[in-house]
Amino acid sequence: MRRMKRWIRAGVRRVGRLPAWLLPVVLVLLLVSPAVTSAEGAGSRTVRLQLLAINDFHGALQSRTLGGRPIGGAAVLAAYWDRWEEEAKKDGFTTLRVGVGDLVGASPPVSALLQDEPTIEALNRMHLLVSAVGNHEFDEGVAELRRLQEGGCHPVTGCFEGAKFQYLTANVVDAKTGEPLFPPYAIVRVRGIPVGFIGVTLKETPTIVTPTGVAGVRFLDEAESVNRYVAELKRQRVETIIVLLHQGGDGDRRGGPISGAIVPIVEAMDDEVDVVLSGHTHRGYWGIIDGKLVTQAYSSGTAFADVDLVLDGATGDVIDKRARIVDTYADVPPGTEPDKQIARLVARAKEQVEPIINRVVGTAADDITRQQTPAGESELGNLIADAQRWAMGTQVAFMNPGGIRADIAAGEVTWGELYEVQPFGNDLVKMTLTGAQIERLLEQQWLNQPYPRILQVSGLDYSWDPRRPVGDRVDPADIRIGGQPLDLNARYTITANSFLAAGGDNFSVFTEGQDRVVGPVDIDALVRYVEQLPQPFNARVEGRITLH
Ligand SMILES: [Zn+2]
């Protein structure tokens, strides 16, 4: 495994100077594992291959709590993978560890504040082999993604060695040259049998990432791109083909049907594709779509997919495939014995970010709380909505109350305290809504909601009547924007976070918004806003939302 990875790195360095059409060829040459001399060579009966896969790791270096139990964390995941590999080895399996994108980005501070370098290092130590690129890998632009892959220096973190695993991008190409950003595929020889991995990213990535993040690259159709490289792999007599697809759907862990955006993509893929490891929707499932085995393993390393394949030694194709999704609980073996090296790496990262997390960004004159008035307005909601409107320069901002996770206590306010308030790492999205759409949006606060979900607002005030029927609680005449009466036909610029912008919490009107521009992460906007306020700062309920 170790040796193979060095070969990949050598390949990466060398391919930089070669024409694009040679990329796959070079990878083929360099990825040929020295393990071909093993006793069970090609031509013998069967070869067993185990794939261990994570998707949407999002820099989750530390364990978290799920249902009252500790789960995940890089050192715990590593312990699980080592145990799984060890057990499978007894049954003659060769194990390869792969990623399905969003390994970095939207990360907790312990990783995000260090440019996600500790996460890349942890994955290096976990012997990750290849990964698809997710949308979040583009959060800080192509140059930073290249630095994470190839190594290089950053003003905040200094110099960094880069990933020992290889990112694969079959459908992400240079806007000018049309060449893939990274190799489209890799071929790994497993006991003499060539196994192909193709990496693809959801083609909608530019609509969910800030424009500067995807400047200079284009995203092509997922299935078409896969099929193009399947043909290439076939010409090289690769019969076992695994697609790492950063796009997903929903399903269950018992092999039931899979639904969602992934279905038509997998159906359009060449039948030579054997397995599709998916991601992006953070769900846990495995199942069959169009004869292909499809998996996803939640997110943040709280689970992984274990895919066991039996390959025909003569034909090199898959003759048996099965999968399961494994939870990585830390309170049962092997999670109780986390990898020591990786635990040290995480502890070091935690120490490094402590000064940043403890940095004072302002002083609150008073407690600023989420406590809502009977009409639904809160001090902290006002502060956050104001920060988002300020950061994006729009007329109005809307913030979902469920996204405000802690109060601000009077006194010095640290970066870490603001992070507790806004921990989701949502991007801010600017868009245009008509006055009529804003009116419908406000009505959605009571439509298909488990309880009145009153959005926190900035730049807008209105009153609503709890005695009127759902769907008709706000009179347009009672809505004012920037102090002026709402014009149903006018177009207004508004800000919402990426969760709402995608129609989250049943606020589907946001999906109708035009002229979308993605901006900074919500926590960054809040920090910068608080920093520039006169100190000590405060926020008050000021009658933005009132009852009729
Ligand atoms: Zn994603």
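If you're wondering where the values come from, they're calculated on a predicted model, not measured in any experiment.

A. Molecular detail of the UniProt feature "domain: Calcineurin-like phosphoesterase" (unreviewed entry) in the protein chain. As annotated in UniProt, the feature "domain: Calcineurin-like phosphoesterase" (unreviewed entry) corresponds to residues 51-283 in the numbering used here. The annotated region residues 51-283 carries 27% helix and 27% strand content, and the separation between its end C-alpha atoms amounts to 18 Å.

B. The arrangement of the coordination of the zinc ion in detail. Protein coordination at the zinc ion comes from Asp-102 (OD), Asn-135 (OD1), His-246 (NE2) and His-280 (ND1), with a distance range of 2.1 to 2.2 Å. With relative accessibility at 1%, the residue Asp-102 sits in the buried group.

C. A look at the environment of Phe-165. With respect to the secondary-structure elements, Phe-165 resides in the loop between strand 7 (158-160) and strand 8 (166-168). The exposure class of Phe-165 is buried, given its relative accessible area of 1%. With 39 residues separating them along the chain, Phe-165 and Met-126 place their C-alpha atoms 9.9 Å apart. Non-local contacts of Phe-165, meaning those with residues more than four positions away in its chain, are made with Leu-103, Ile-120, Leu-123, Asn-124, Leu-128, Leu-129, Val-130, Ser-131 and Gln-149.

D. Representation of the domain arrangement of the protein chain within the structure. As far as domains go, the protein chain holds domain 1 (2-351) and domain 2 (361-547). A straight line from the C-alpha centre of domain 1 to that of domain 2 covers 37 Å. Across the contact, 10 residues belong to domain 1 and 7 residues belong to domain 2. Surface buried jointly by domain 1 and domain 2 totals about 560 Å² across both partners, of which 64% is contributed by carbon and sulfur atoms. For the interface between domain 1 and domain 2, the tally reads 0 residue pairs in polar contact (both at pLDDT 80 or more). Of the residues in the side of domain 1 that touches domain 2, the class split is 7 nonpolar, 3 polar and no charged.

E. How the structure looks around helix 6 (residues 142-150). Here helix 6 has its buried residues at Val-142, Glu-144, Leu-145, Arg-147, Leu-148 and Gln-149. Phi turns positive one or two residues past the end of helix 6, at Gly-151, with a value near 95°.

F. Structural view of the state of the cysteines. A full pass over the atoms with the stated rule returns 1 disulfide. At a sulfur-sulfur separation of 1.9 Å, the disulfide partner of Cys-153 is Cys-159. Measuring the twist about the S-S bond at about 100°, one finds the Cys-153-Cys-159 disulfide to be right-handed. Classification of Cys-159 by relative accessible area gives exposed; the value is 60%.

G. Quick look at the environment of Tyr-462. Tracing the backbone through its elements, the reader meets Tyr-462 in strand 24 (residues 460-464). Its relative accessible area of 2% is what places Tyr-462 among the buried residues. A C-alpha to C-alpha distance of 47 Å links Tyr-462 and Asp-327, two positions 135 residues apart in sequence. Setting aside its immediate chain neighbours within four residues, Tyr-462 contacts Leu-442, Gln-445, Ile-454, Val-474, Asp-478, Ile-479, Arg-544, Ile-545 and Thr-546. There is a polar contact of 3.1 Å between the side chain of Tyr-462 and the side chain of Gln-445.

H. Spatial organisation of the UniProt feature "domain: 5'-Nucleotidase C-terminal" (unreviewed entry) in the protein chain. In the UniProt entry, the feature "domain: 5'-Nucleotidase C-terminal" (unreviewed entry) is given for residues 360-512. Within residues 360-512, the helical portion is 22% and the strand portion 26%, while the C-alpha atoms at the span's ends are 39 Å from each other.

I. Representation of the pattern of salt bridges in the model. Scanning all chains against the criterion turns up 29 salt bridges. Notably, a salt bridge pairs Glu-87 with Lys-90, separated by 3.2 Å at the nearest N-O pair. Of this pair, Glu-87 and Lys-90 are both found in helix 3 (residues 74-90), 3 residues apart, which corresponds to roughly one turn of the helix. Overall, Lys-90 belongs to the exposed group, its relative accessible area being 62%.

Parameters and conventions
- Residues numbered from 1 in each chain as written.
- Predicted model: local features only at pLDDT ≥ 70, side-chain atom pairs only at ≥ 80, totals over all residues.
- Heavy atoms only, no water.
- UniProt positions renumbered as here; feature names shortened; annotations may be inferred.
- Helix = DSSP H or I, 4+ residues; strand = E, 2+ residues; numbered from the N terminus.
- Donors = N, O, S within 2.8 Å, 3.2 Å for Na, K, Ca; no water.
- Buried < 20%, exposed > 50% of the residue type's maximum accessible area, 1.4 Å probe, protein only.
- Contact = heavy atoms within 4.5 Å.
- Domains from an automatic or database assignment.
- Buried area = accessible area lost by both parts, 1.4 Å probe.
- Polar contact = N/O pair within 3.5 Å; in protein donor to acceptor, adjacent residues only side chain to side chain.
- Nonpolar A, V, L, I, M, F, W, Y, C, P; charged D, E, K, R; others polar.
- Disulfide = S-S within 2.5 Å.
- Salt bridge = Lys/Arg side-chain N within 4 Å of Asp/Glu carboxyl O.

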